[in-house]
Amino acid sequence: MEEKKSKKNKWTRRAFMIAGGVAGTGLLVGIGGLIHVNQTIRYYSGKGLGEGSSLNAWIRIAPDNTITLAIPRVEMGQGSYTGLAMMIAEELEVDMESIRIVHPQPESPYANLFIFAQSETNIFDGYSINEKLFSYLNLVITGGSSSITDGYYNMRYAGATAREMLKKAAAQQWKTDVKNCKAESGFIINQGNQEKLSYGELASAAAKIKVSSTPELKNRKDWKKVGKPVKRLDIPEKVQGKATFGIDVRPENVLYAAFRHPSVLGAKITGFKNKADIEKQAGIKKVVLTEFGAAVIADNTWRAKNAALALQVIEDEKESVKISTASIGKELDILLKKPAFAEHEKEGDVDKVLAEKQKTIIQAQYEVPYLAHATMEPLNCTVLVKDDAVDVWLGHQASSTVRNAVSKVSKMDASKIMIHMQYLGGGFGRRGEADFVKIATAVAMQMKGTPVMTVFTREEDMRNDVYRPAVKCEFKALVQKDGTIEAWDHKLALQSVVHETMKRAEPPLSISVKDDTATTEGARELPYEMKNRRVSFGNLVVPVKVGFWRSVGSSQNAFFTECFMDECAHAAGIDPYQFRLSKLDKAPRFKKVLQKVAEMSHWNKALAKDRYRGIALHKCFGSIVGQVVEITKLGEKEFSIDKFYCVVDCGTYINPDSVKAQMESGIIFGLSAALFGEITWQDGKVQQSNFPQYDMIRLKASPEIETYIIENEEFPGGVGEPGTPPAAPALANALFAATGVRERSLPLVKLGYKFV
Amino acid sequence: MKYTLNINQQNHQVDVEAAMPLLWVLRDELNLTGTKFGCGIASCGACTVLLDGKPVRSCSYPVSGAADKKITTIEGIASEAKLSAVQEAWIEHQVPQCGYCQSGMIMATEALLQENPNPSLEEIESAITNICRCGTYSRIRQAILSLAKKVNAADKTQTEKA
């Protein structure tokens, strides 16, 4: 069932692939006779793709047989460069060794439609209404664990289309039927006489060929690369220090700027007390004021950073907000007492059931704090403003956002902006924001003709993040002695990440708070059978900026729901694994994951003395993950986290080693937050500034991780985020097993726990 | 102040403040950008380089202290023809994800193995204290253990021959 028939009244997504290419740079013209309504989607400039002939927006082949792939999703560690390239290479019939990857400009063929449309059933058949909408917006974004999902058909069709063009070019040259031509490892072979022509020899002729029908994709059983562990293309340069991250670019005459945000939420820097003194210091070029804050530009980052710290700024605090964690906590409590702002799930009549049997209700309140992203590479962006163009060097999750943000601040037409996309030293949602791009552009505007790299120090980065929201929630449930969940009522209180992020995005988009399903993401649509259920939330409005943080709503909601499931199991006196299993008969994929992780971890076997375990199951971004953690009790509140067993059902997988790496990564990310992660506010200021106050798991405390991938032929789910949510509840459930104490808030070190 | 720095067996002249951390001399004066800035306070280890074979966190180490020492950075551990054993192991185990911390991780590992070619798990875990935000720790552990095993195997062969 690789192919599905195109649905009527839908524009076919394939149409823009089935287009004649043009040699070298230039505009892609012609659409092979197929009508494509969206005018924008036909075009790409080929800027920066290097030598050769373009067969379509993704593939350019040089005479020396270099295969350049334009991969529009960024590489931030998740393996997308390799995974997407594998899909093209599979259909194009080229070896991974011959591939060179470049990052294209944010042009319409490269838009990520899946991330918004989330319509996996028809993404390859044609455009749904949502996709139509988002295709116009041309959002070239890496996020939402969507790169493989969005590219699953796209990338393979890109490869297959180019392959057919190359075959036709060879057939024309040989004056033979295309049926006699076979593609293999970068050559077209004439099966009649075994003559060979390399792709490099054919590319220029092939680029002029128009393909008039949809090429056939290879049968799954013939895949040579997809589904096999392929070594990542970016790793050799990363182990040699040769990989260039945003902070490593060195355009000629580059200067470095250290940025100072206002010190209090809502305040504004309006001037300086010692500008002249600072500008006299060695290496300092200029002190600048922007609408966002102040910067010192120097010939060396360290000089800039010291000067920025020594700079005495005048701040207008008229509109500042002296918010504190305590005051935010109180507001969240009030929201939990008020009627819900929106209900995102409702089955049966929870109120009625709970009112009837008040005495046996299980009730619990949970809470988690704000979290910072703390990417290893501090935020930075280099901008060169010229009279008629702007060049930008950075690592960013959304090249379209970069272009729009630079255009807005520099007032330069988007077509005059050239983005030089680099590797990202971590993204996790932070590098999808426009703030640091706008700031860097505003700084560089005051140094026209010279490239300026604006860097946030770790302290500036941590205090000026867009945080994972602080969340409180309340559960009420009624569980029968036999384990039947009669009623499940879950009410959350938090800020709306999607509403707030969309408002400040470039271009600004609008989604109502009520429709922000990320608030209840992972709390809703639980796979477990329940007779009555309700999931609702209250909307907190405070000026703390919140944003997408790896796994978004699921990052907290899995902690809440999977811990409370354990509470329900405990109340019914049933083993937490059996309790969950008994409620999954109508969710076979979940059931299989849960059974497999129990089998892997020998759940039914007793553990050694002082060893305990916890379990959690969660679905997000199209993939189901089950985890069992084993811990050892070393002291009253002292533990070692020994081992994670992890099972993932992500449907069809592309590079299994990348899937495993993402599970490992997701678990550690979730554990760092569970153990240490907390951003707190006092008088409108973030109290943490660097790793000593916002610590991370390090090698010694990190567990061994064993991952198993479920085999099936389902549509691919994402893997960048789904490993994160189950880690915290699995650990908290293990701690309960060890201590009998149910921890309902994070981080654990704050509660006196120690992990060695 | 003028300094002659011996970096990866080559001399470089710089004229900078004595207090300038070695990291920023490498990155911004000499454009050796393989060594990374992570925290600026010697907490994360992304800036780890070797001074006379010993690991230091270069973000907090003044250039004045490095002038009379042999400095080795990530750019200096591979010979022209061959990657270092640590780099090879990192590829074999597919360790890096975003890769930003890995220069520091690799340099910390180089230092550990120069000092102790056959470290135990405990020794590995107490020597490598760098942060990897992507959480590549389980692969780092496996990669270093695989190098220790190779030493073990080589030792064994030596002993048997003797």
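Calculation criteria
Residues numbered from 1 in each chain as written. Chains lettered and ligands numbered in written order. Predicted model: local features only at pLDDT ≥ 70, side-chain atom pairs only at ≥ 80, totals over all residues. Contact = placed C-beta atoms within 7 Å. Helix = DSSP H or I, 4+ residues; strand = E, 2+ residues; numbered from the N terminus. Nonpolar A, V, L, I, M, F, W, Y, C, P; charged D, E, K, R; others polar. Expected span 1.5 Å × (residues − 1). pLDDT = per-residue confidence, 0-100. Buried ≥ 20, exposed ≤ 12 C-beta atoms within 10 Å, placed from the backbone. Pairing = 2+ DSSP bridges. Axes fitted to C-alpha atoms, helices over the stretch in contact; angles between N-to-C directions. Parallel < 35°, antiparallel > 145°, perpendicular 65-115°, else oblique.

*Asks:* Can you help me understand the interface of chain A and chain B in this one?
*Replies:* Accessible area lost during the coming together of the parts is what is often quoted as the interface size. The interface of chain A with chain B comprises 49 residues on the first partner and 44 residues on the second. Tallying contributions element by element places helix H18 (residues 656-675) of chain A first for the side of chain A that touches chain B, with 7 residues. Along the lines of polarity and charge, the residues of the side of chain A that touches chain B split into 23 nonpolar, 12 polar and 14 charged.

*Asks:* Hey, could you run me through helix H19 (residues 727-739) of chain A in this one?
*Replies:* Given 3.6 residues per helical turn, the α-helix brings residues three or four places apart onto the same face. Residue and element names in this part refer to chain A. The terminal C-alpha atoms of H19, which comprises 13 residues, lie 18 Å apart, in line with the 18 Å expected from a rise of 1.5 Å per residue. Looking at the packing, one finds that the buried side of H19 touches helix H15 (552-572), helix H16 (576-581), strand E22 (611-620), strand E23 (623-633), strand E24 (638-649) and H18. Of the residues flanking the end of H19, it is glycine 740, one or two places downstream, whose phi is positive at about 75°.

*Asks:* Would you mind showing me how to read the confidence of the model for chain B here?
*Replies:* In the predicted model, chain B carries a mean pLDDT of 95, and the fraction of residues at 70 or more is 98%. Across the interface, the model reports ipTM at 0.97; the global pTM reads 0.94.

*Asks:* When you look at the pairing of strand E19 (residues 471-479) of chain A in this model, what are you seeing that I'm missing?
*Replies:* For a regular strand, side chains alternate in direction, first toward one face of the sheet and then toward the other. Residues and elements named next belong to chain A. With 8 of its 9 residues buried, E19 lies for the most part within the structure. As paired strands, strand E14 (residues 362-368) and E19 are joined by 7 bridges and run antiparallel to one another. Looking at the pairing, alanine 364 lines up with phenylalanine 475 of E19. Sheet analysis places E19 next to strand E20 (residues 485-494), joined by 8 bridges and oriented antiparallel. Across the sheet, lysine 472 pairs through a bridge with alanine 493, a residue of E20. What sits between the antiparallel neighbours E19 and E20 is a turn of 5 residues, in which glycine 483 has the positive phi angle 95°.

*Asks:* Would you explain the packing of helix H4 (residues 147-174) of chain A against helix H5 (residues 199-206) of chain A in this entry?
*Replies:* The relative placement of two packed helices is expressed as an angle between their axes plus a distance between the axes. Residues and elements named next belong to chain A. Axis separation between H4 and H5 bottoms out at 8 Å; the angle between their running directions is 90°. As far as their axial angle goes, H5 and H4 are roughly perpendicular. Here Met165, Leu166, Ala169, Ala170 and Gln172 of H4 come into contact with H5, specifically with Tyr199, Leu202, Ala205 and Ala206. In terms of residue class, the contact of H4 with H5 is built from 8 nonpolar, 1 polar and no charged.

*Asks:* Just checking my understanding: could you explain the sheet that holds strand E15 (residues 380-385) of chain A for this structure?
*Replies:* In a beta sheet, neighbouring strands are held together by backbone hydrogen bonds and run either parallel or antiparallel to one another. Residue and element names in this part refer to chain A. Pairing in this open sheet of 7 strands is mixed, and the strands run E10-E11-E8-E18-E15-E16-E17 from one edge to the other. Lying at the two open borders of the sheet, with one neighbouring strand each, are strand E10 (284-289) and strand E17 (417-421). Across this sheet, the average inter-strand angle for adjacent strands is 20°, counted without regard to direction. As paired strands, E10 and strand E11 (residues 294-298) are joined by 5 bridges and run antiparallel to one another. Within E11, the position partnered with valine 288 by the bridge is alanine 295.

*Asks:* Quick question: what am I supposed to make of the sheet that holds strand E5 (residues 181-184) of chain A here?
*Replies:* Residues and elements named next belong to chain A. Sheet architecture is open: 3 strands sit in the order E5-E6-E7, paired in antiparallel fashion. The open sheet has two edge strands, E5 and strand E7 (196-198), and neither has a second partner. Direction aside, the axes of adjacent strands within the sheet are offset by 25° on average. Two strands pair when backbone bridges link them, and strand E6 (residues 187-190) and E7 are joined in this way by 3 bridges, in the antiparallel orientation. Along E7, the bridge assignment pairs phenylalanine 187 with serine 198. Sitting on the sheet, H4 is in contact with E5, E6 and E7, with an inclination near 135° to E5. Seen against the sheet, H5 touches E6 and E7 and runs at an angle of roughly 75° to E7.

*Asks:* Explain unusual backbone geometry to me, please; I cannot follow it from the model alone.
*Replies:* Keep in mind that most residues, glycine aside, have a negative phi and that most peptide bonds are trans. All names here are of chain A. Cis geometry marks the peptide bond from leucine 746 to proline 747, where omega comes out at 5°. On the secondary structure map, proline 747 appears in the loop between H19 and strand E28 (754-755). The backbone of glutamine 194 sits at a positive phi, close to 65°, despite the residue not being glycine. Within the secondary structure, glutamine 194 is located in the loop between E6 and E7. Despite not being glycine, lysine 411 shows a phi value in the positive range, around 60°.

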